[in-house]
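Fold and contact review
Chain residues, written in single-letter form:
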Amino acid sequence: MGSNCWEPEGSCYDVGAVDPSRNYGHLPTEMLEEWANKETMLSYQYHAGKLPGVSKKEAGRDAKVKVMAEIDQIFAERASEKMKQEYQEHLRAEFDSRLEDPGLLHNFLYFKIPSSEFMLQFYIAVWSGQMARVMIYLHGYGWDLGENYREIPADDVWSQMSGYEGMNINERLKVKELLETVGKLNRELKAKSGADSGNAPLLSIASFGGGNEPMRLYNPPVMDWAIFDNGSVAPMEELFPDVSKWGGKVMYYHEDLFAALRRPTLFDTRDLIYMFGLSMYLGSENLPKALFVAFRLLKPGGYVMFDLLHDMASIRRVVTTQGWPKGEQEMYIMRSADDAVVAARQAVNAINGNLGHSMEKGGFDIEKIQTNLVEPWGITSTMVTLRKYA
């Protein structure tokens, strides 16, 4: 595919499968990065004014008209009355405008996006900046056009795409590591309280930027859970419908993470704090400030986990072609594993230096630095675990 054409080479339905167990077939693994780079370049050239919108050529205009007709049909047949109204009032114009991007139209064609209610809802959430909602789709759940929240079927094209998209896999790897850490700390806490204790203390955790909290989807142990997020999130009764049966405690603070400093009852109470997907927006200046908040909330010996996103083809495609919000400043993204190690050490040195000049006692030690490698995309993120010392 040349840089000046937008037509996809087949689709996820008809490209021959390497693995017979795959539902539709997919680009062979070794071609994924090449495909993503081509798609991203189309979008980059379009947004830079170097490539015209698809409607400038007859073939592109015809393809876009066909895609829009399919979107019209699925909204007419399956959307709730509320969604139908929103579609007519502004969402249709949004799709029509964004699909002038040849890279995005290519994406809609390749993944048969108009056939999937979940795909369409995902894009609506991305474009409207509802990132708490967006992140849940990466874990296999979401909202259909009838606004019903449910597990996404395995035969939906969303499941096909998400199984091979580097950024999606990266998010699931982070939660897997988090769950392993939570399980380890929970076992240690129970062991300290006595194997026969029927009323062992709950593991106490906090999440900064928790959104709709993906970890809840993976059967976490009973915990005392504090979540901070000032974005658009689902109601508590939807996020934790069985919290009383679960036996844990959940407190959702609809505030940003820095508001935790105004809640002294939380100080020195948490065994673990995690903040995923935040460092790229916090930047090198504000990351140590967030770590200071974590320091105040953690017990001595408690842990804080955060991630550093890496520059690679998947994130470039996500941001450039799919239209993910970038924030007001350039995203803080690592260029290599060595850069991530340096950034982690700089953040720890900064927070420890600040603590040393304040009335606080103690600081952080680096407990672990590990990279998430997703082939063929390469390193998608680096995960950093720090331990508080008094």
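Just above sits the structure.
Now for a quick tour of the structure. All values derive from a computational prediction rather than experimental measurement.

This next bit is on the sheet that holds strand S4 (residues 223-228). Spatially, the seven strands line up as an open sheet ordered S5-S4-S3-S6-S7-S9-S8, and their pairing is mixed. Either end of the sheet is taken by a strand with one partner, and the two such strands are strand S5 (249-253) and strand S8 (363-374). For this sheet, the mean inter-axis angle between neighbouring strands, taken without regard to orientation, is 15°. Pairing analysis gives seven bridges linking strand S7 (residues 298-309) to strand S9 (residues 378-389), with the strands arranged antiparallel. Pairing of Asp-307 across the sheet is with Met-383, part of S9. Sitting on the sheet, helix H11 (residues 279-297) is in contact with strand S3 (203-208), strand S6 (270-275), S7, S8 and S9, with an inclination near 170° to S7.

For helix H2 (residues 58-78), spanning 21 residues, the distance from its first C-alpha to its last is 30 Å, which sits close to the expected 30 Å at 1.5 Å a residue. Inspection of H2 places Gly-60, Ala-63, Lys-64, Val-67, Met-68, Ile-71, Ile-74 and Phe-75 among the buried residues, and these make up the whole buried set. One face of H2 carries all of its buried residues, which in axial projection span an arc of 130°. Residues Glu-58, Val-65, Lys-66 and Glu-77 are exposed on H2 and point more than 90 degrees away from its buried face. Buried residues along H2 sit against helix H3 (81-98), helix H4 (102-110) and helix H5 (117-127).

The full count for this structure, using the stated rule, is 23 salt bridges. The partner of Lys-64 in a salt bridge is Asp-96, with the nearest N and O atoms 3.4 Å apart. Placement of Lys-64 in helix H2 and of Asp-96 in helix H3 is noted, with a sequence separation of 32 residues between them. Residue Lys-64 is classed as buried on the basis of its relative accessible area of 5%. Residue Asp-96 is classed as partly exposed on the basis of its relative accessible area, which comes to 32%. In this structure, the salt-bridge partner of Asp-268 is Lys-388, at a minimum N-O distance of 3.3 Å. Of this pair, Asp-268 sits in the loop between S5 and S6 while Lys-388 sits in strand S9, placing them 120 residues apart in sequence. Given the relative accessible area of 7%, Lys-388 is considered buried.

This part covers unusual backbone geometry. Between Glu-375 and Pro-376 the backbone carries a cis peptide bond, its omega angle lying at 5°. Position of Pro-376 relative to the elements: it lies in the loop between S8 and S9. The phi torsion at Lys-112 lies on the positive side, around 50°, for a residue other than glycine. A positive phi angle is found at Glu-213, which is not glycine, with a value near 50°. With respect to the helices and strands, the residue Glu-213 is situated in the loop between S3 and S4.

How each quantity is defined
- Residues numbered from 1 in each chain as written.
- Predicted model: local features only at pLDDT ≥ 70, side-chain atom pairs only at ≥ 80, totals over all residues.
- Heavy atoms only, no water.
- Pairing = 2+ DSSP bridges.
- Helix = DSSP H or I, 4+ residues; strand = E, 2+ residues; numbered from the N terminus.
- Axes fitted to C-alpha atoms, helices over the stretch in contact; angles between N-to-C directions.
- Contact = heavy atoms within 4.5 Å.
- Expected span 1.5 Å × (residues − 1).
- Buried < 20%, exposed > 50% of the residue type's maximum accessible area, 1.4 Å probe, protein only.
- Arc of directions from axis to C-beta.
- Salt bridge = Lys/Arg side-chain N within 4 Å of Asp/Glu carboxyl O.

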